[in-house]
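Letter by letter, the chains look like this.
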Amino acid sequence: MSFFSQFLMEPVDFPGISSLRFYGRRSYCHLNPALEDISSSDNQNEIDIVIIPPNVDEQTDEEEFDDNNIQEFSMPNDVAGEIELQHMDSDIETSDEESNLPLSILRQNITSEKSLATKTKRRNLLEPKWTKDVVDTSMPSTCGFEDRVEVVKHDLEHLSPIEVFEKLFDQEVLDHIVQQTNLYSSQKNKHDFFVSKADIQIFISILLLTGYHKLPSERNYWSLDEDLRVPFVSNSMSRNRFLEIKKYIHLANNSCINRQDKMSKIRPLMSLLNQKFQQWGVFHQNLSIDEAMVKFFGRHSSKQYIKGKPVRFGYKNWALCSSTGYCYSFDTYCGAKNSRNQNSDLPLGSKVVLDLLTTVAVPSDHVVFFDNYFSSHALLRTLKDQGQRATGTVRDNRTRKCPFSDTKIFKKKERGYWEHMYDEDSSLLFVRWQDNNTVTMVSNYDTLEPMKRVKRWSSIAKQRLEIPQPNIFQNYNRSMGGVDLHDQAVSNYRVSIRSKKWWWVLFTNMLNMTMVNAWRLYQLASNESIALLDFQRVIVRHYMACYEKSTYRCKPVGELPMTVIRSEGGHFPNKLDKQLRCVQCHQRVRWSCSKCKVTLCIERDCFKDYHS
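Rules of the game
Residues numbered from 1 in each chain as written. Predicted model: local features only at pLDDT ≥ 70, side-chain atom pairs only at ≥ 80, totals over all residues. Heavy atoms only, no water. Helix = DSSP H or I, 4+ residues; strand = E, 2+ residues; numbered from the N terminus. Buried < 20%, exposed > 50% of the residue type's maximum accessible area, 1.4 Å probe, protein only. Contact = heavy atoms within 4.5 Å. Phe/Tyr/Trp six-rings, centres within 6.5 Å; stacked < 30°, edge-to-face > 60°. Core = buried A, V, L, I, M, F, W, Y, C linked by side-chain atoms within 4.5 Å. Domains from an automatic or database assignment. Axes fitted to C-alpha atoms, helices over the stretch in contact; angles between N-to-C directions. Parallel < 35°, antiparallel > 145°, perpendicular 65-115°, else oblique. Nonpolar A, V, L, I, M, F, W, Y, C, P; charged D, E, K, R; others polar. Expected span 1.5 Å × (residues − 1). pLDDT = per-residue confidence, 0-100. Arc of directions from axis to C-beta.

Draft legend 1. Representation of the environment of S323. Inspection of the secondary structure assignment puts S323 in the loop between β8 (313-322) and β9 (327-332). On the basis of relative accessible area, S323 is assigned to the partly exposed category, the value being 22%. Taking the C-alpha atoms as reference, S323 lies 5.7 Å from N286; in sequence the two are 37 residues apart. If sequence neighbours within four positions are ignored, S323 has contacts with N286, S479, G482 and L485.

Draft legend 2. Looking closely at the packing of aromatic side chains. A complete count under the given rule lists 25 aromatic pairs for this structure. Ring plane angle 65° and centroid distance 6.3 Å describe the contact between F369 and Y476, whose orientation is recorded as edge-to-face. Of the two residues, F369 is situated in strand β10 (residues 367-370) and Y476 in helix α14 (residues 471-479); the sequence distance between them amounts to 107 residues. By the burial criterion, F369 is buried, and Y476 matches it. When the ring of W503 is compared with that of F507, the centres are 6.2 Å apart and the planes differ by 75°; the resulting orientation is edge-to-face. Across the pair, exposure class does not vary: W503 and F507 are buried alike.

Draft legend 3. Looking closely at the nonpolar core. Formed by 106 residues in total, the largest nonpolar core has its most connected members in F169, L207, I289, F370, F507 and L521. Among the elements that make up this core, the one with the highest residue count is helix α16 (residues 504-526) (13 residues). Mapping this core onto the domain boundaries places at least three of its residues in each of domain 2 (159-257 + 495-548) and domain 3 (271-484). Among residues more than four places away in sequence, those in contact with L521 are V152, L156, V164, L168, W280, F283 and Y326.

Draft legend 4. Structural view of the packing of helix α7 (residues 197-209) against α16. α16 packs onto α7 with a crossing angle of 85° between their chain directions and a minimal axis gap of 11 Å. Our classification of the angle between α7 and α16 gives roughly perpendicular. Side by side, α7 and α16 meet where F203, I204, L207 and L208 of the first sit next to W504, F507, L511, N512 and M515 of the second. A breakdown of the residues in the contact of α7 with α16 according to their chemical character gives 8 nonpolar, 1 polar and no charged.

Draft legend 5. Broad picture of α7. For α7, built from 13 residues, the straight-helix expectation of 18 Å at 1.5 Å per residue is met to within 8% by its first-to-last C-alpha distance of 18 Å. Along α7, 11 of the 13 residues are buried, which leaves the element largely enclosed by surrounding structure. Listed in full, the buried residues belonging to α7 are D199, I200, Q201, I202, F203, I204, S205, I206, L207, L208 and L209. Elements that come into contact with the buried residues of α7 comprise α6 (171-187), α8 (231-234), α9 (239-248), α16 and α17 (532-546).

Draft legend 6. Structural view of the confidence of the model for the protein. When pLDDT is averaged across the protein, the result is 80; 76% of the residues are at 70 or more. Considering only residues more than four positions removed or in separate chains, one finds that residues 1-23, a stretch of pLDDT under 50, has 54 contacts. Between residues 53-81, whose pLDDT stays under 50, and residues either more than four places distant or in other chains, the model counts 27 contacts.

Draft legend 7. Expanded view of helix α15 (residues 482-492). Taken as a whole, α15 has its buried residues at G482, V483, H486, A489 and V490. Looking straight down α15, one finds its buried side chains confined to an arc of 130°; they lie on one side. Each element contacted by the buried residues of α15 is listed here: β6 (286-295), β8, β9, α14, α16 and α17.

Draft legend 8. Main features of the environment of V442. Turning to its location among the elements, V442 is positioned in strand β14 (residues 438-443). Given the relative accessible area of 0%, V442 is considered buried. On a C-alpha basis, the gap between V442 and G392 in space is 5.7 Å, while along the polypeptide they are 50 residues apart.

Structure (structure tokens):
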């Protein structure tokens, strides 16, 4: 500590100051006049030097000192704010001993007393009351989600995969991308560039096609070599047009974005898709909250590095999904931010849970599961007060000193051994179970009974043995993996085309998330078992065949998607320059369909029969 700091913090004895010149306290704007008064005083009483903080509007960033003087312990001529000399005359008698203490010691005593009182009050209010007698963990539950499931089935049961996909990626989303892309091109003085909805649909279809039809380079899709060329792509959009759209595609208006939001470039589309995902409400009972990584190796302040994860570098997405893998809400982690909830004492993971659960309108309809990154004693108690049933694994330092056996002793127990403790104040049940490793679970509604039996391999007996498992673990294992199911489906056919834009991987990830959600909706509404690959191929082939720019040629009836053939509007006879074979009667004709791009004769009603 420097001499000046010690001089200001500790009381110093100086020659006394006459009561005629100084009594109680006196203020100074500079340090030198205060030192002169102290040195010229005659009184032997104790004096405290106190620096008063400056007002907010005062300019205090300039210091008055000789910059040629480089001595380390020299005192400055000025300080920020004002200086007070506080002095108590020895002739004045006080009945309180504390009033004769120096100001620095008195301030320390007051601070210590307040801190002790706060800690004591908090300990008395929040200290759990542990017992082994489980009184009651039940919470009210309703089944309103079943009505919402019926609404979803009623709205989507007769729709094709194209129509289900367009329920999520609808005209509002397309209009937003088209508007922002055209606006961005004009801001870049590219006034001859313009995109339409059809252009964006073909562009997105090519991106989705690269998820299951991968080539070494994006230009290879337009290659003229027979071992690389993909005529289906080159007939739908030229290479230069694709690269031009990729260059100018945009998702937000640069002139009115929020500079405090690191995801401002994609926030409008992210909010729009969240609304589309939640348009029927939350129609699953069991929900899970977890993180999903989006691989990214560029430069951005939100990029994360998580050691030991399959995807170590990239953006971290928080997601709320059903146990079947349907995503209701997602958000990209941007570091420290202002949470929507007002409870600042909770850690980051707990705030994420409360933020994502704001999409749940009726908490009693659902049960939420999360892992030990999110869960804590305080979070489960908060969810209990909100009427939200929840279960999660929990770390030892977040159990509020739950009196379990020591972990080292617990690991020596036989597999299947378990202990439980119950917090009477919060009605929370903590269970520790020995499996391959020691696992601690907390729930605000679940129970131990009925006990389950699970099979585990025994290296000693050389066979699979049955061990007891509490009911709370069985329910958790059955419903927790919703986010992992969704993320696995997204990564199966992820868009492979890359870009230098930092938000590109998040944009293409949202396309894949929308595709997976549409696939889940189609399976739910139609009760049809269709693979994600087949579902995605139907979407891609529909849009690319609708706007194919190839010349007219004979095509088998089954080559075009039925959604194109049966779609309304755009089917008009078109006169050809030369005769071609009709796809129906195989006679030579000069007519074709302007939308389907197939030759059809109108004399024999082939045009009508083909489209019906």
